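Given next are the chains, with one letter for each unit.
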Amino acid sequence: MKYIRYRKEGTIHYGALEGDTITRLDGNYIEGPVQKLSTGDSLGEVEVLAPTEPRQLLAIGLNYALHAEEQGKPLPEEPMMFMLSPTAVIGQNAGITLPTEDHRIDYEAELAVVIGKEAKDVTKEEALSYVLGYTCGNDISDRDLQKKDIQYTRAKSYATFKPLGPVIETELDPSHTQIKLTLNGEVKQDSNTSDLIHNVEELLAEVTKVMTLQPGDVLMTGTPSGVGPLSPGDELEIEIEGIGKLRNYVNK
Ligand code: MG
């Protein structure tokens, strides 16, 4: 199932997407079981919103070996986790605002995990049963602030710095799926989640040793190699096999 959140004529709806057709649901899929209604909408006539409004937005650093190498950093022995502000989230076709043109600000394509039920101290074996599904994420990062602050929060939490979407795919196998980013039509990142150093099960086990994850919370799993800087007017597309394409542009 592909869950989608969207706005039409000023009202926000939740739906299930098949092809270009949306079937409306009787409630928010984040909050519990939902039923399909008889009303439908066409994808082309709605504004697609981020598929979740997380209360906690968590990310993992340096989780692909080639990316750690390109950043000149050693691989962390344990998953390196950090929190981001959920106010940075935007959805499909929304503009990314660069707060300054003096800093290097990079794109980072990532598989994003959306939590389906409260999770604390989950084992690797049961971890995936706490997942609602998966979406595409972009962990936009101000490299200058990242170096200066050591902490990542400021560098990665500006408004519009966390595009998510376009849908939550509930049937995905996160252990082996292709992840690709194109910038102005040119492929910049092309990898597979089978290259994750710590897989989704391990990440959820480690994170929930520390904190309780709630339905709708998002865990971004790290970016593969090929990151690079953004400029005003750039067009970005992140495609994760089985999920779809997350498209965003950089505001001029
Ligand atoms: Mg990242």
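Residues numbered from 1 in each chain as written. Predicted model: local features only at pLDDT ≥ 70, side-chain atom pairs only at ≥ 80, totals over all residues. Heavy atoms only, no water.

Describing the overall build of the protein
Okay, so step 1: Secondary structure assignment for the protein yields four helices and 20 strands.
Okay, so step 2: Taking 18 Å as the expected radius of gyration for a compact globule of 252 residues, we find that the protein reaches 17 Å, a close match to that expectation.
Okay, so step 3: Taken across its 252 residues, the protein has 53% of its residues classed as buried.
Okay, so step 4: Here the analysis covers contacts within the protein between residues at least 6 apart in sequence; of these, 70% occur between residues at least 24 apart.
Okay, so step 5: With the model as given, the accessible surface of the protein reaches about 11400 Å², and the carbon-plus-sulfur share is 46%.
Okay, so step 6: Within the protein, the 41 negative side-chain charges are centred at a point lying 4 Å from the centre of the 24 positive side-chain charges. (Helix = DSSP H or I, 4+ residues; strand = E, 2+ residues; numbered from the N terminus. Rg over C-alpha atoms; globule rule 2.2 N^0.38 Å. Buried < 20%, exposed > 50% of the residue type's maximum accessible area, 1.4 Å probe, protein only. Contact = heavy atoms within 4.5 Å. Areas by Shrake-Rupley, 256 points an atom, 1.4 Å probe, with all protein chains shown as cover. Lys, Arg positive; Asp, Glu negative; His and termini not counted. Charge placed at Lys NZ, Arg CZ, Asp CG, Glu CD.)

Observations concerning the sheet that holds strand 10 (residues 105–107)
Okay, so step 1: With respect to topology, three strands assemble into an open sheet ordered 13-10-18, the strand pairing being antiparallel. Whereas interior strands pair on both sides, the edge strands pair on one side only; in this sheet they are strand 13 (141–142) and strand 18 (228–229).
Okay, so step 2: Pairing of strand 10 with strand 18, which is carried by two bridges, proceeds in the antiparallel orientation. Bridging across to strand 18, Asp106 finds its partner in Pro229. (Pairing = 2+ DSSP bridges.)

A short note on the pattern of salt bridges
Think of it this way: side chains of opposite charge can pair up when their charged atoms draw near.
Okay, so step 1: Under the defined criterion, the tally for this structure stands at 19 salt bridges.
Okay, so step 2: With a shortest N-O distance of 2.8 Å, Asp106 and Arg104 are connected by a salt bridge.
Okay, so step 3: With a relative accessible area of 0%, Asp106 lands in the buried category.
Okay, so step 4: Overall, the relative accessible area of 39% leaves Arg104 in the partly exposed class.
Okay, so step 5: Lys209 is paired through a salt bridge with Glu206; the nearest N and O atoms lie 3.0 Å apart. Within this pair, Lys209 and its partner Glu206 are both found in helix 4 (residues 200–210), separated by three residues, close to a single helical turn.
Okay, so step 6: Here Glu206 falls in the partly exposed class, since its relative accessible area comes to 23%.
Okay, so step 7: A network of salt bridges, in which partner residues are shared, links Arg104, Asp106, Glu108, Asp139, Arg143, Lys156 and Lys162. (Salt bridge = Lys/Arg side-chain N within 4 Å of Asp/Glu carboxyl O.)

Describing the sheet that holds strand 19 (residues 235–240)
Okay, so step 1: Within the open sheet, the five strands sit side by side as 9-20-19-15-16. Their pairing is mixed. Strands at the two margins of the open sheet, each flanked by one partner only, are strand 9 (95–96) and strand 16 (186–192).
Okay, so step 2: Note that strand 19 and strand 20 (residues 244–250) share six bridges and pair antiparallel. Paired with Ile240 across the two strands is Gly244, which belongs to strand 20.

Concerning the pairing of strand 20
Across a regular strand the side chains alternate sides, sitting on one face of the sheet and then on the other.
Okay, so step 1: Summarising the sheet, strand 9 and strand 20 pair through two bridges and their orientation is parallel. Pairing of Ile96 across the sheet is with Val250, part of strand 20.

Looking at the side chain of Arg24
Okay, so step 1: Here Arg24 shows up in strand 3 (residues 21–25).
Okay, so step 2: A relative accessible area of 19% places Arg24 in the buried class.
Okay, so step 3: Polar contacts involving the side chain of Arg24 include one to the side chain of Asp41, which spans 2.7 Å.
Okay, so step 4: If sequence neighbours within four positions are ignored, Arg24 has contacts with Tyr6, Lys8, His13, Tyr14, Gly15, Gln35, Lys36, Leu37, Thr39 and Asp41. (Polar contact = N/O pair within 3.5 Å; in protein donor to acceptor, adjacent residues only side chain to side chain.)

Regarding the coordination of the magnesium ion
Okay, so step 1: Within the first shell, the magnesium ion binds the protein through Glu108 (OE), Glu110 (OE) and Asp139 (OD), at distances of 2.0 to 2.1 Å.
Okay, so step 2: Along the chain, the residues donating to the magnesium ion are arranged with the sequence spacing E-x1-E-x28-D.
Okay, so step 3: Overall, Glu110 belongs to the buried group, its relative accessible area being 0%. (Donors = N, O, S within 2.8 Å, 3.2 Å for Na, K, Ca; no water.)

Thoughts on the packing of aromatic side chains
Two numbers describe a pair of aromatic rings. These are the distance of the centres and the angle of the planes.
Okay, so step 1: Applying the stated criterion across every chain, the model contains four aromatic pairs.
Okay, so step 2: Centroid distance Tyr3 to Tyr29: 4.5 Å. Interplanar angle 10°. Geometry classified as stacked. Of this pair, Tyr3 sits in strand 1 (residues 2–8) while Tyr29 sits in the loop between strand 3 and strand 4 (36–42), placing them 26 residues apart in sequence.
Okay, so step 3: A relative accessible area of 11% means that Tyr3 is categorised as buried.
Okay, so step 4: We classify Tyr29 as buried; its relative accessible area is 3%.
Okay, so step 5: When the ring centre of Tyr130 is taken as origin, the NZ or CZ atom of Lys117, which lies over that ring, is 4.9 Å away. (Phe/Tyr/Trp six-rings, centres within 6.5 Å; stacked < 30°, edge-to-face > 60°. Lys NZ or Arg CZ within 6 Å of the ring centre and 35° of its normal.)

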